[in-house]
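# Structural features, examined
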Amino acid sequence: AIPLVIAISTSMSARAGILVKDRLALERMRSVDTVLFDKTGTLTRGEPAVVAVLPADGVTDAELLGAAGAAESDSEHPLARAVVAAARAATAIPTATGFRSLTGRGVRAVVDGHDIAVGGPTMLRELGVTAPGELTGPTATWADRGATVLHVVRDGRAIGALALADDIRPESREAVRDLHAAGVRVVMITGDARDVAEAVGAELGVDEVLAEVLPADKDAAVARLQARGLTVAMVGDGVNDAPALARADVGIAIGAGTDVAVESAGVVLASDDPRAVLAVRRLSEAGYRKMW
Ligand code: ADP
Ligand code: MG
């Protein structure tokens, strides 16, 4: 009977765009009680855009965007691509040298002889820089609404901030609701700031939000959930997510993901629709029923 079950599962899964790389992972999926979603690119589209530009007093929009765009020019991060696009639309971007990536925090480079750093609140804190008063109110409001805030620091002084919005996928809310209906706990993990992550998490109705998690710490976050006795499926798309996908009881790479993510996952989804996670669980249960 087993070859028949596999044959049925395979045709069902192919139709649903589910590639089962590890049959045992698929079998474990029916015991999963917690689904851990990566936020960026999984629950959101992963295509952020600059939606607000706020220079500090005495700084122009073009100056702020020029410095930020230059420093971000050598970064592959989706946030960087959005900043460069906004800068290009506003000004001629100067050339940067000495680019450094501050993983999970931001970037740093030399632009027109100035030391420019661009990154989130964690970077600002680590540089020991305080944003001037005219920036604090608006940036707090942006974050409360779920927008990612990037600060621009020139020679140790904050010269302005940018708000970046990454649309929540329209299917994400339903994916969370359906998983809840199936009795599954939903947790969201992100490197983004806590207030931003809480806003997105509340909008989606997730049970728990793990924020400000550095890329290298994502797999430890999975291990902590497992230490609480939870059986965890991790869903992600990025290079950052590969160790966490490998650590989870079931690793699910979404939207064909990056090569590294696909390699570390037991299950690969052809679509980038987070509702497909429940389909994987149904498939796991169907295989079980047919076997008996
Ligand atoms: P996620 O878990 O959402 O994929 P990342 O770990 O890639 O997030 O990034 C976490 C945070 O680090 C971002 O929200 C941002 O504040 C900062 N960051 C990362 N890369 C950059 C960059 N190229 N420019 C500015 N900020 C960045
Ligand atoms: Mg990511």
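The shown structure was predicted, so the numbers you read here are calculated from the model rather than taken from an experiment.

## Description of the overall build of the protein
Counting its regular elements, the protein contains 13 helices and 13 strands. Against the globule reference of 19 Å for 292 residues, the protein gives a C-alpha radius of gyration of 21 Å, in line with a compact fold. A buried classification covers 46% of the 292 residues belonging to the protein. Once local pairs closer than 6 in sequence are excluded, the contacts in the protein between residues at least 24 apart make up 62%.

## Some thoughts on the domain arrangement of the protein
For the protein, the domain assignment lists domain 1 (2-45 + 168-291) and domain 2 (49-165). Inter-centroid distance (C-alpha atoms) of domain 1 to domain 2 is 32 Å. Contact with domain 1, which involves 11 residues of that partner, is made by 12 residues of domain 2. By residue class, the composition of the side of domain 1 that touches domain 2 is 6 nonpolar, 1 polar and 4 charged.

## Things to note about the nonpolar core
Membership of the largest hydrophobic core comes to 84 residues, with the highest contact counts inside it found for L36, V83 and I252. Ranked by the residues each element gives to this core, the list is headed by helix α5 (residues 78-90), at 7 residues. The residue makeup of this core includes at least three contributed by each of domain 1 (2-45 + 168-291) and domain 2 (49-165). Leave out the neighbours within four places in its chain, and L36 touches V187, I189, V222, L225, V232, M234, V235 and A248.

## Quick notes on the site of ligand 1
Near ligand 1, the surroundings consist of 22 residues, among which T40, H77, G106, G120 and G191 are the closest. Those elements that provide at least two residues to the shell around ligand 1 are α3 (39-43), α5, β5 (106-111), β6 (114-119) and β7 (148-154). Of the residues assigned to the shell around ligand 1, the class counts are 6 nonpolar, 12 polar and 4 charged. Both domains that furnish three or more residues to the shell around ligand 1 are identified here as domain 1 (2-45 + 168-291) and domain 2 (49-165).

## Points about unusual backbone geometry
A positive phi angle, close to 50 degrees, is found at D112, a residue other than glycine. Looking at where D112 falls in the secondary structure, it is placed in the loop between β5 and β6. The phi dihedral of D155 is positive, around 50 degrees, even though this residue is not glycine. Its location among the elements puts D155 in the loop between β7 and β8 (157-165).

## Notes on helix α7 (residues 133-144)
Helix length check: α7 (12 residues) gives 18 Å between terminal C-alpha atoms against 16 Å at 1.5 Å per residue, within 8%. When α7 is considered as a whole, its buried residues turn out to be L135, T139, W142 and A143. For α7, the angular spread of buried residues about the axis comes to 90 degrees, placing them on one side. Across from the buried face of α7, at angles greater than 90 degrees, the exposed residues are G133, T136, G137, A140 and D144. On its buried face, α7 sits against β3 (49-55), β7, β8 and α9 (194-204).

## Side note on the sheet that holds strand β1 (residues 18-20)
Taken in spatial order, the 7 strands line up as β1-β13-β12-β11-β2-β9-β10 in an open sheet, and their pairing is mixed. Strands with a single pairing partner mark the edges of an open sheet, and in this sheet they are β1 and β10 (208-210). Neighbour-to-neighbour, the strand axes of the sheet open up by a mean angle of 20 degrees, direction not taken into account. As defined by bridge partners, strand β11 (residues 232-236) adjoins strand β12 (residues 250-253) across 4 bridges and the pair is classed as parallel. In the strand pairing of β12, M234 is matched with G251. Along the sheet, helix α10 (residues 218-227) makes contact with β2 (34-38), β9 (185-189), β10 and β11, crossing β11 at roughly 155 degrees.

Criteria and thresholds
- Residues numbered from 1 in each chain as written.
- Chains lettered and ligands numbered in written order.
- Predicted model: local features only at pLDDT ≥ 70, side-chain atom pairs only at ≥ 80, totals over all residues.
- Helix = DSSP H or I, 4+ residues; strand = E, 2+ residues; numbered from the N terminus.
- Rg over C-alpha atoms; globule rule 2.2 N^0.38 Å.
- Buried ≥ 20, exposed ≤ 12 C-beta atoms within 10 Å, placed from the backbone.
- Contact = placed C-beta atoms within 7 Å.
- Domains from an automatic or database assignment.
- Nonpolar A, V, L, I, M, F, W, Y, C, P; charged D, E, K, R; others polar.
- Core = buried A, V, L, I, M, F, W, Y, C linked by C-beta atoms within 7 Å.
- Near = placed C-beta within 6 Å.
- Expected span 1.5 Å × (residues − 1).
- Arc of directions from axis to C-beta.
- Pairing = 2+ DSSP bridges.
- Axes fitted to C-alpha atoms, helices over the stretch in contact; angles between N-to-C directions.

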